[in-house]
Amino acid sequence: MRIATKNLILSLLILSLYPLSLTARPFVFILSQDDLKDATSSSSDDSPPDPTTSHDSSEWDEFGSESDSPHKSEDELDPGSWRPIFEPDSSSSAPPDPVPASESDSLYFSGVSNMVSAASSGDARVMEEAVAEIEAASNEGYAHARSVLGFLSGMGMMRARNKAKAFLFHHFAAAGGNMQSKMALAYTYSRQDLYAELAEVAVNSFLISKDSPVIEPVRIHSGTEENKEALRKSRGEDDEDFQILEYQALKGNAGAMYKIGLFYYFGLRGLRRDHAKAMSWFLKAVEKGEPRSMELLGEIYARGAGVERNYSKALECLTLAAKQQLFSAFNGMGYLYVKGFGVDKNYTKAKEYFEKAANNDDAGGHYNLGVMHLKGIGVKKDVKIACKYFILAANAGQPKAFYQLAKMFHTGVGLKKNLPMATALYKLVAERGPWSSLSRWALESYLKGDVGKAFFLYSRMAELGYEVAQSNAAWILDKYGERSMCMGESEFCTDAERHQRAHSLWWQASEQGNEHAALLIGDAYYYGRGTERDYHRAAEAYMHAKSQSNAQAMFNLGYMHEHGQGLPFDLHLAKRYYDQALEIDPAAKLPVTLALTSLWIRKNYADGFLVHVIDSLPEFYPKVEVWVEDVLFEEGNATILTLFACLLTVLYLRERNRRHAVPAAGEVAVPHNPIEHAAPVPN
């Protein structure tokens, strides 16, 4: 049993490295950290509670003591969000605020809006004015303005880069309730307490009866090239696949209607979120009997997300979906019964519905049964059984199960205490919070060709600890250079500032496991790009990339061993690394063959002329490259050289034809002497 449990946990840890499933869809209720600490206190009680007896909801509420209150909007969960600027028309389930915006609010949103415009146009004057507005709001004690100043100080934008000032600004912003500053502090200083708090907020932003689809940040590059395939799938209404899907929906395909509604509801595939359009497509799909649309409508009505909350309609929609064998809908029905929303509270019925979902391999069913066993709701309290259900749910990609397991690792309840693992799982869940919308807005800007705005948004997201955003921002700097609209300490970034910022972003990404980033960090230290040349640190970075089976890093380590640069001179180790590079990537056959040839020459003719020629190539090649660019690729010279090459080709072909012409009558063709033209045989 112990071995089986270890295997389950191991599989959980492996799967936690992968993106969460797009189709993860269960309803769950979440417990507080204090609940977990007390989970074993009544484990000896063998009698399950009366299913018809009212249970103290404060012991197990999904969303703490506020579970019966209206659902909080994303703006409430992520105060100070830039959503009003990028999604001014998005629907909100929260009632309008009757209190007019304060002067600080106005200054803040005006400043952020102007900063975004300046990043888009590259207007340093507008950026200065925007920062002045943000500073004015900050001086009034406005927490969200301080968060932006922390971002600017940490990046070195329109002010000197100062990590200490960045920390102070973020500290006071976090104390004032700004969640993005809490994310920045949690990432920079590995604050488990903050990640735990942020993960809980993220969980509270998820759907009730099913989990919202994962909006994974899109990696806009693949190595050194643009990731065209991933970008093609994110072009929204301009995407050919979406247009085909829309055509099918207009022709009456219920499945296509559901997918389009899903895309609009969550803002997937590069579409701007539009709850009105989503509801229209869901209702059309329901008329066609599409069960997934019925289930999601049940969720929308139960949560009151964009519509007036109506538990009766929610139960009706969920029941219709369940009757069509959509087993995940049973989770929503169980939720209504376990909470007593629109129906009499009944734990027995809730358990039956959760079991129907779980018996059909629905992750939400496993999770909900885990919570019931953890708290002894309608069943005997049993932490071990609860843990088993949570692991099954997590292995199916259930994000709230990751959160629950994080708390178990954190407190040592049900699982051996493991604080690093708890922090990693908290971070995994926290990165799905409302602030992840930054990724959607950045991608939308990039696809529209607004590279400056995309870089600005990815930079903000990079500060929050998103590895994909870090590598995207660094790649934009390297790829677009001055066109990235990078703002430095005063105006545009100098070349040195741009290299330094890209280096810092790549380094952050490499520390989070990005092998391409580690490789580029090694290159930066090896060639002295954006930093001082340091062969030892280059070797460390290549070692990091090599540990992730990067063939280029293995080749580079072989080269450094061959030449004794940052690593001991060792031809045997050099050959081993070259061979490993070829094993990992068969496409490296040509460079590896040339490197092995060089290695053979160096080993057998250590002081020979060829060794000196090989060693001089690194210095000779840049000169040849400059000569080719300055001389051969100059427009007039290129034309002349092209014509000259064409003339030589014509003369060569005419001479070749003359030599191979058929002999005239009476003449004898003399064959070539094979001995005279044979290649010399080496000794």
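See the structure printed just above.
Only a predicted model underlies this, so the values are computations on that prediction, with no experimental measurement involved.

Conventions adopted
Residues numbered from 1 in each chain as written. Predicted model: local features only at pLDDT ≥ 70, side-chain atom pairs only at ≥ 80, totals over all residues. Heavy atoms only, no water. Axes fitted to C-alpha atoms, helices over the stretch in contact; angles between N-to-C directions. Helix = DSSP H or I, 4+ residues; strand = E, 2+ residues; numbered from the N terminus. Parallel < 35°, antiparallel > 145°, perpendicular 65-115°, else oblique. Left-handed = near helix turned anticlockwise from the far one by under 90°. Contact = heavy atoms within 4.5 Å. Nonpolar A, V, L, I, M, F, W, Y, C, P; charged D, E, K, R; others polar. Salt bridge = Lys/Arg side-chain N within 4 Å of Asp/Glu carboxyl O. Buried < 20%, exposed > 50% of the residue type's maximum accessible area, 1.4 Å probe, protein only. Expected span 1.5 Å × (residues − 1). Arc of directions from axis to C-beta. Polar contact = N/O pair within 3.5 Å; in protein donor to acceptor, adjacent residues only side chain to side chain. Disulfide = S-S within 2.5 Å. Patch = residues over 30% accessible without salt bridge, like charges linked within 9 Å, V, L, I, M, F, W, Y side chains within 5 Å. Areas by Shrake-Rupley, 256 points an atom, 1.4 Å probe, with all protein chains shown as cover.

A few points about the packing of helix α9 (residues 179-189) against helix α10 (residues 192-204)
Okay, step 1: Direction vectors running N to C along α9 and α10 enclose 140°, while the axes themselves pass 9 Å from each other. Our classification of the angle between α9 and α10 gives oblique. Relative to α10, the crossing made by α9 is left-handed. On the side of α9, the interface is formed by Met179, Lys182, Met183, Leu185, Ala186 and Tyr187, while α10 contributes Leu194, Tyr195, Glu197, Leu198 and Val201.
Okay, step 2: Considering only residue class, the contact of α9 with α10 consists of nine nonpolar, no polar and two charged.

As for the pattern of salt bridges
Opposite charge on two side chains permits them to pair, given that their charged atoms come into close proximity.
Okay, step 1: A full pass over the atoms with the stated rule returns 18 salt bridges.
Okay, step 2: Between Glu197 and Lys182 there is a salt bridge whose closest N-O contact spans 2.5 Å. Of the two residues, Glu197 sits in helix α10 while Lys182 sits in helix α9, which places them 15 residues apart along the sequence.
Okay, step 3: A relative accessible area of 11% means that Lys182 is categorised as buried.
Okay, step 4: Linking Arg191 and Asp193 is a salt bridge whose minimum nitrogen-to-oxygen distance equals 3.0 Å.
Okay, step 5: Overall, Asp193 belongs to the partly exposed group, its relative accessible area being 44%.

Regarding helix α8 (residues 163-175)
Within an α-helix, residues lying three or four positions from one another point in the same direction, as the helix has 3.6 residues per turn.
Okay, step 1: With 13 residues, α8 should reach 18 Å at 1.5 Å per residue; the first-to-last C-alpha distance of 18 Å fits that figure.
Okay, step 2: Those residues of α8 lying buried are Ala166, His170, Ala173 and Ala174. Burial along α8 is one-sided: seen end-on, the buried residues are contained in an arc of 95°. In α8, the exposed positions angled more than 90 degrees off the buried face are occupied by Ala164 and Ala175.
Okay, step 3: Turning to α8, the residues buried within the fold contact α7 (143-155), α9 and α24 (451-463).
Okay, step 4: The backbone nitrogen of Ala164 lies 3.0 Å from a side-chain oxygen of the residue at the head of α8, namely Asn162.
Okay, step 5: Gly177 occupies a position one or two residues after α8 and carries a positive phi of about 100°.

Here we look at the state of the cysteines
Okay, step 1: Here the structure, examined in full by the defined rule, presents one disulfide.
Okay, step 2: The partner cysteine of Cys486 in its disulfide is Cys493, sulfur to sulfur 2.0 Å. On the sign convention where negative means left-handed, the S-S torsion of about -50° between Cys486 and Cys493 marks this disulfide as left-handed. Each member of the pair, Cys486 as well as Cys493, is classed as buried.

Focus on a nonpolar patch on the surface
Okay, step 1: Together, Phe167, Leu168, Phe172 and Tyr189 make up an exposed nonpolar region whose accessible area comes to about 380 Å².
Okay, step 2: Per-element tally for the nonpolar patch: the top contributor is α8, with three residues.

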